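# What the coordinates show
Given next are the chains, with one letter for each unit.
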Amino acid sequence: MKLVFATNNQHKLSEIQNMLGDEFQVLSLADINCQDEIPEDYETLEENASQKALYIYEKFGVNCFADDTGLEVTALNNEPGVYSARYAGSSRSSEGNMKKVLHNLEGIDERSARFRTVISLLIDGVETQFEGIVNGEILHKERGEDGFGYDPIFQPNSYNISFAEMPLSEKNKISHRGNAVRKLVEYLLK
Ligand code: IMP
């Protein structure tokens, strides 16, 4: 079965293709010649994942899935959440975003946070959603060079290193996206 993943992020594409094996062929937006800026107009991960998948399904008539991820910091009323990519402005700078989180948490001891990913799958017009979560805390300063986004300031529970200090294979075993993708794969292969 061919399935379009509403992304051009090569890393995400190969990660999921690898987990799905030969039975499924995962196509990117570029593979279906979609250059559109796909709308993400809503205020929840669930609605945005849904909107992105539906956009592709309706415009291109293909079975597909879309994901949306946010960092939810308890003491910040679950911000930046759905605004994670552009928390510090439209430049989408990871440095700026992390600085803003650290600034907003200055003087606050309660630093629990989680990453949450929602995947919306649309097959023959029927939608199924999968959620993946990893719980942890926001460090007081950046640590580590690997990863992307908020990785240097996020330390998962039961670890004393940040996501940016962790080998990718280790991160994938426990991460929000890894957990959501595993649920999707289990569903598709059953
Ligand atoms: P997206 O929905 O996967 O594009 O994620 C939205 C934003 O959440 C990204 O721009 C990053 O800032 C942040 N993010 C998502 N996944 C991760 C992760 O694994 N580590 C750190 N930040 C992430």
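To start, this report covers the structure provided alongside it. Predicted, not measured: the structure shown is a model, and the values here were computed from it. (Residues numbered from 1 in each chain as written. Predicted model: local features only at pLDDT ≥ 70, side-chain atom pairs only at ≥ 80, totals over all residues. Heavy atoms only, no water.)

### As for helix 1 (residues 10-20)
What counts, and what does not: For each residue, the accessible area found with a 1.4 Å probe, counting protein chains only, is set against the maximum for its type, and the residue is called buried under 20%, exposed over 50%, and partly exposed in between. In DSSP terms, a helix is any run of H or I states spanning at least four residues, a strand is any run of E spanning at least two, and both are numbered starting from the N terminus. The arc in question is formed by the directions pointing from the helix axis toward the C-beta atoms.
Three or more residues of helix 1 are buried, namely Lys12, Leu13, Glu15, Ile16 and Leu20. End-on, the buried residues of helix 1 take up no more than an arc of 165°, which puts them together on one face. Helix 1 presents Gln10 and Asn18 as exposed residues on the side facing more than 90 degrees away from its buried surface.

### Quick look at the pattern of salt bridges
Condition: Basic side-chain nitrogens of Lys or Arg form a salt bridge, by our definition, when they fall within 4 Å of a carboxyl oxygen of Asp or Glu.
Overall, the coordinates contain 12 salt bridges when judged by the stated rule. Between Glu46 and Arg116 there is a salt bridge, with its nearest N and O atoms 2.8 Å apart. Linking Glu46 in helix 2 (residues 45-60) with Arg116 in strand 5 (residues 112-123), this pair joins segments that are 70 residues apart in sequence. Classification of Arg116 as buried rests on a relative accessible area of 9%. A salt bridge links Lys52 to Asp68; the nearest nitrogen and oxygen atoms lie 3.6 Å apart. Within this pair, whereas Lys52 is found in helix 2, its partner Asp68 is found in strand 3 (residues 64-73), the two being separated by 16 residues in sequence. Each member of the salt-bridge network shares a partner with another, and the members are Glu46, Glu72, Arg114, Arg116 and Glu131.

### Examining the packing of aromatic side chains
Put simply, the test is: Two rings belonging to Phe, Tyr or Trp (six-membered ring only in the last case) form a pair when the distance between their centres is within 6.5 Å. Interplanar angles under 30 degrees mark stacking, angles over 60 mark edge-to-face geometry, and anything in between is tilted. By the criterion adopted, a ring carries a charge over it if an Arg CZ or a Lys NZ lies within 6 Å of its centre and within 35 degrees of its normal.
Under the criterion given, the structure shown has five aromatic pairs. Above the ring of Tyr87, the side-chain terminus of Lys100 is found at 4.4 Å from the ring centroid. Geometry around Phe163 places Lys171 over its ring, the cationic atom sitting 5.2 Å from the centre.

Everything listed here is a matter of geometry and, on its own, says nothing about what the molecule does.
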